[in-house]
Amino acid sequence: IIPDGASPEALRAMALANVEVREGAAARGALGRRLPMAEVERQWRPAAVDGACQPWKWLRSGDRLLKADALDHDADHDLLGPLDPAWDLAGGARVLRYPKAAHRRLLAAAVPPGQSPPTAGLLRFCALCHLAFHLGAAGMAQAAFAPGSDEWLRHEHALRRRERDLRRLLQL
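First, a word on what this report is: a plain description of the structure on this page. Predicted model, so just to flag it, every value in this text is computed and none were measured.

**Topic: the environment of Ser 116**
Tracing the chain through its elements places Ser 116 in the loop between α5 (100-110) and α6 (120-143). Its relative accessible area of 65% is what places Ser 116 among the exposed residues. Considered as a pair, Ser 116 and Arg 28 are 88 residues apart in the sequence and their alpha carbons are 31 Å apart.

**A short note on the pattern of salt bridges**
A full pass over the atoms with the stated rule returns 8 salt bridges. Arg 160 is the partner of Glu 163 in a salt bridge, and the nearest nitrogen-oxygen pair spans 2.4 Å. Of the two residues, Glu 163 and Arg 160 both sit in helix α7 (residues 150-170), 3 residues apart, roughly one turn of that helix. Overall, the relative accessible area of 2% leaves Glu 163 in the buried class. Assessed through its relative accessible area of 35%, Arg 160 is described here as partly exposed. The residue Glu 163 makes a salt bridge to Arg 167 at a minimum N-O spacing of 4.0 Å. Of the two residues, Glu 163 and Arg 167 are both situated in helix α7; the distance of 4 residues between them amounts to about one turn of the helix. Salt bridges linked by common partners bring Arg 22, Glu 23, Glu 156, Arg 160, Glu 163 and Arg 167 together as one network.

**Here we look at helix α4 (residues 86-95)**
Most of α4 is tucked away: 9 of the 10 residues are buried. Taken together, the buried residues of α4 touch α1 (8-23), α5, α6 and α7. Arg 97 sits one or two residues past α4 and shows a positive phi near 60°.

**Quick notes on helix α2 (residues 25-33)**
Within the sequence span of α2, burial applies to Ala 27, Ala 30 and Leu 31. In an axial view of α2, the angular spread of the buried residues amounts to 100°, which keeps them on one side of the axis. Exposed side chains of α2 directed beyond 90 degrees from the buried face belong to Ala 25, Ala 26 and Arg 33. Considering only its buried residues, α2 is in contact with α1, α6 and α7.

Scoring rules and cut-offs
- Residues numbered from 1 in each chain as written.
- Predicted model: local features only at pLDDT ≥ 70, side-chain atom pairs only at ≥ 80, totals over all residues.
- Heavy atoms only, no water.
- Helix = DSSP H or I, 4+ residues; strand = E, 2+ residues; numbered from the N terminus.
- Buried < 20%, exposed > 50% of the residue type's maximum accessible area, 1.4 Å probe, protein only.
- Salt bridge = Lys/Arg side-chain N within 4 Å of Asp/Glu carboxyl O.
- Contact = heavy atoms within 4.5 Å.
- Arc of directions from axis to C-beta.

Here is the structure:
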């Protein structure tokens, strides 16, 4: 566990490595050019965030959505730990396939009064690193199963979806 959470530089290194493994050096270069490190470093404020915004972990209660398991993901045994809340705002919007208008409403609702919302650069950084993190996780999970097995195919589907998302975000 990283008690203080992964630094933006550690997230950048992870994202570059994961993308190069799956998509090659050209994609790594394209990603590196789209990660605004100076802007991110100035704004980064780690907090205990959910970090795992998968659609199946939400419950509908009337007109509200409730997260089923968000209490301790920052204590998982992975690289992440506490992260800037922009990680959930950007990554969750991608995973849940929010349209842009819904994402804007989410940002407006999530930012406490008197605080500035995350900048577009911080959101882009978090979205790209979130995607790269889950791309790497799906690749490692797939490697644990026999090629062609049901679980291997499930992870293959997840990998292909994330690779398409990555190419779209990087405009490759």
